[in-house]
Amino acid sequence: VKQECSRLNWINLDALEAVDQADDLIAGLKQTPKTLPCRYLYDDRGSALFEKICDLPEYYPTRTEQAILEQNASAIAQMTGSCELIELGSGSSRKTHLLLEAYSQTDQSLSYCPVDVSTGLLRTTALQLLHHYPTLQVCGLAGTYEQALAQLPPATRRRMLIFLGSTLGNLNPQDCDRFLTQVQSALQPGDFFLVGVDLQKDVDLIETAYNDAQGVTAAFNLNALKHLNQQFEGNFRLNQFAHWAFYNPVDHQIEMHLFNLRPQFIFLRTLNFAIELQIGETIRTEISRKFYLPTLISTLERHDLRSLQVWTDPNRWFALLLCQR
Ligand code: AVJ
């Protein structure tokens, strides 16, 4: 254990506290329609539910991306050569195992820096990885992407930022531009950005993935309110909301909402913030954009991120892009 601890570095991004003042939460709840920052989906329970979603028969993205990585992880490692790996939204790092496996073949001083807001999951994952890879250096960053990108430990060598699972799709075009600007400045010329994105396809297939038969996605969605109740002493009544997810064809995105079934007066005590919710009013908890590759490639290019290679699955449902600054 001691030997493993010496390979683990832990950084709590201090500004997590500042974000907990929740300015963006309040701003979102004052909007029409109401929205929540989607990080509230990912407390430890939310992350556990998301892990369950990844195994659902209806939820194709994880499986599809995993298959692309299985086929191409060693090609990626060869193309980039030895580098430090930083993963944004690492969750359980299950797909990253494939990359770590590939890099550990060639890289003697492999280091991996997972970033996540789910502190509990981040810790367990970090310990598992240290155990599994006897020379791996792990630096866990507990915080949001924005915080992490703004305060990454200084680069010691070539760097690769990893952003899998189509999490990029959670950002609206404006936030996406801001995020990519941050990515660009976290990278030196020659550094890499590996990003996985869900592509536009048959609408039924997409909608089914967010409306699974077992109701795991519904539980995941409702958990955001449970998280708010716990963190801010709120009084959202979970059983008075219905899960609602649909494809918005104009913006090419899944929208996940909570549909209010009864008038409610909501009070978040520690924020001293109150709102009324009408019948039929919804709170949007997440968008999940589905990309058109040529557009995405030029968006990346505008941020100095040139696509070296694009891999997809045989159905062209999902894509993995290796970009270089
Ligand atoms: C992890 C954010 C990419 O948008 O598909 C799964 C989250 N939401 N089911 C996605 C999610 C509902 C997922 N991301």
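Everything that follows concerns the structure shown earlier in this document.
What you are looking at is a predicted structure, and each value in this text was computed from that prediction instead of being measured.

A. How the structure looks around the overall build of the protein chain. When helices and strands are counted, the protein chain shows twelve helices and 14 strands. Taking 325 residues into account, the globule formula puts the C-alpha radius of gyration at 20 Å, and the protein chain, at 20 Å, falls close to it. For the protein chain, restricting intrachain contacts to residue pairs at least 6 apart in sequence, the fraction spanning at least 24 positions comes to 74%. Carbon and sulfur atoms make up 51% of the accessible area of the protein chain, which amounts to about 14,500 Å² in all. The distance from the centre of the 27 positive side-chain charges to the centre of the 36 negative ones in the protein chain is 2 Å.

B. Structural view of the pairing of strand S5 (residues 137-142). Where burial is concerned, most of S5 is hidden: five out of the six residues are buried. Sheet topology places strand S1 (residues 8-12) next to S5; five bridges connect them, and they run parallel. Bridge pairing in S5 places Leu8 opposite Val138. As judged from the four bridges shared by strand S4 (residues 111-116) and S5, these two strands associate in the parallel manner. The residue bridging Tyr112 from the neighbouring strand is Val138, located in S5.

C. Up close: the packing of aromatic side chains. Overall, the coordinates contain 13 aromatic pairs when judged by the stated rule. Each member of the aromatic cluster is reached from another via a ring pair, and the members are Tyr42, Phe50, Tyr59, Tyr210 and Phe220. Sitting above the plane of the Trp10 ring, Arg123 keeps its charged end 4.1 Å from the centroid.

D. Broad picture of helix H5 (residues 60-80). End to end, H5 covers 28 Å across 21 residues, agreeing with the expected 30 Å (1.5 Å per residue, within 8%). The largest bend in H5 is about 55°, located at Asn72. Along H5, the positions that sit buried rather than exposed are Tyr60, Pro61, Thr62, Thr64, Glu65, Ile68, Leu69, Asn72, Ala73, Ile76, Ala77 and Thr80. Trailing H5 by a residue or two, Gly81 shows a phi angle of about 70°, which is positive.

E. Here's a closer look at the pattern of salt bridges. Taken as a whole and assessed by the stated rule, the structure comprises twelve salt bridges. Arg94 is the partner of Glu51 in a salt bridge, and the nearest nitrogen-oxygen pair spans 3.0 Å. Remark: Arg94 occurs in the loop between strand S3 (84-88) and helix H6 (96-106) and Glu51 occurs in helix H4 (residues 44-54); sequence separation between them is 43 residues. With relative accessibility at 19%, the residue Glu51 sits in the buried group. The structure contains a network of salt bridges with shared partners spanning Glu51, Asp55 and Arg94.

F. Geometry of the side chain of Thr62. Here Thr62 shows up in helix H5. With residues near it in sequence (within four places) discarded, Thr62 still touches Cys54 and Lys95.

G. Structural detail: unusual backbone geometry. Residue Pro33 follows Thr32 across a cis peptide bond; omega there is -15°. By the element assignment, Pro33 lies in the loop between helix H3 (23-30) and strand S2 (34-35). A positive phi angle is found at Ser166, which is not glycine, with a value near 65°. You can see Ser166 is positioned in the loop between strand S6 (159-163) and helix H9 (173-186).

H. Representation of the sheet that holds S3. In spatial order, the strands read S1-S5-S4-S3-S6-S7-S14-S13; together these eight strands make up an open sheet with mixed pairing. The strands lining the two open edges of the sheet, one partner per strand, are S1 and strand S13 (306-312). Across the sheet, the axes of successive neighbouring strands diverge by a mean angle of 15°, strand direction being ignored. With six bridges joining them, S13 and strand S14 (residues 318-324) adopt antiparallel strand pairing. Bridging from a neighbouring strand, Gln309 pairs with Leu322 of S14. In the packing of H5 onto the sheet, contacts are made with S6, strand S7 (192-198), S13 and S14, and the angle to S14 comes to roughly 30°.

I. Here's a closer look at the site of the ligand. Around the ligand, 14 residues are found, and the nearest of them are Tyr59, Gly165, Tyr210, Glu286 and Ser288. Measuring from an oxygen atom of the ligand, one finds a side-chain N or O atom of Tyr59 at 2.4 Å. Between the ligand and Ser288, the relevant distance is 2.7 Å, taken from an oxygen atom to a side-chain nitrogen or oxygen of the residue. Every element with two or more residues in the shell around the ligand is listed here: H4, helix H11 (216-232) and strand S12 (282-289). Here the shell around the ligand is composed, by residue class, of seven nonpolar, six polar and one charged.

J. Structural detail: the environment of Arg159. You can see Arg159 is positioned in strand S6. Given a relative accessible area of 5%, Arg159 falls into the buried group. Remark: the alpha-carbon pair of Arg159 and Leu187, spanning 28 residues in sequence, is separated by 7.1 Å. In this structure, Arg159 is in contact with Cys83, Glu84, Ile86, Leu152, Pro153, Pro154, Ala186, Leu187, Asp191 and Phe192, ignoring residues within four places of it in sequence. Of note is the side chain of Arg159, whose polar atom sits 2.8 Å from the side chain of Glu84. At 2.8 Å, the side chain of Arg159 and the backbone oxygen of Pro153 are in polar contact.

So, how was this worked out
- Residue positions are given per chain, counted from 1 along the sequence in the order it is written.
- Only residues with pLDDT of at least 70 are given local features in this predicted model, and only at 80 or more are side-chain atom pairs given and counted; all residues enter the totals for whole chains, interfaces and linings.
- The side-chain quantities take in all heavy atoms of the structure and omit both hydrogens and water.
- Helix and strand definitions follow DSSP, with helices as H or I runs of at least four residues and strands as E runs of at least two, each counted in order from the N terminus.
- Here the globule rule reads 2.2 Å times residues to the power 0.38, and the radius of gyration is calculated from C-alpha atoms.
- Note on contacts: a residue pair qualifies if any of its non-hydrogen atoms lie within 4.5 Å across the two residues.
- Shrake-Rupley sampling with a 1.4 Å probe provides the accessible areas, and residues are treated as covered by the protein chains on show and by no other component.
- Here the positive residues are Lys and Arg and the negative ones are Asp and Glu; neither His nor the chain ends is included.
- One atom stands in for each charge, and that atom is NZ of Lys, CZ of Arg, CG of Asp or CD of Glu.
- Per-residue accessibility, obtained with a 1.4 Å probe over protein chains only, is compared with the maximum for each type, and a residue is labelled buried under 20%, exposed over 50%, and partly exposed between these values.
- Strand pairing requires that DSSP identify at least two bridges connecting the strands.
- Aromatic rings from Phe, Tyr and Trp, with only the six-membered ring used for Trp, were paired whenever their centres fell within 6.5 Å, and each pair was classed as stacked if the ring planes differed by under 30 degrees, edge-to-face if by over 60, and tilted otherwise.
- Criterion for a charge above a ring: Arg CZ or Lys NZ at most 6 Å from the ring centre, at most 35 degrees from the ring normal.
- Expected helix span is taken as 1.5 Å per residue step, with the number of steps being one fewer than the number of residues.
- To obtain the bend at a residue, axes are fitted to the seven residues ending there and to the seven starting there, and the angle between these axes is taken.
- Throughout this description, the term salt bridge denotes a Lys or Arg side-chain nitrogen within 4 Å of a carboxyl oxygen of Asp or Glu.
- With axes taken as lines fitted to C-alpha atoms, and helix axes fitted only over the stretch in contact, angles between N-to-C directions fall between 0 and 180 degrees.
- Each residue is tested against the molecule or strand, and it is near if at least one of its non-hydrogen atoms lies within 4 Å.
- Side-chain atoms alone can form a polar contact between residues adjacent in sequence; in general such a contact is a pair of N or O atoms within 3.5 Å, and within protein one must be able to donate a hydrogen while the other accepts it.
- Think of it as three bins: nonpolar holds Ala, Val, Leu, Ile, Met, Phe, Trp, Tyr, Cys and Pro, charged holds Asp, Glu, Lys and Arg, and polar takes everything else, Gly as well.

Function-wise, these values are silent; they only describe arrangement.
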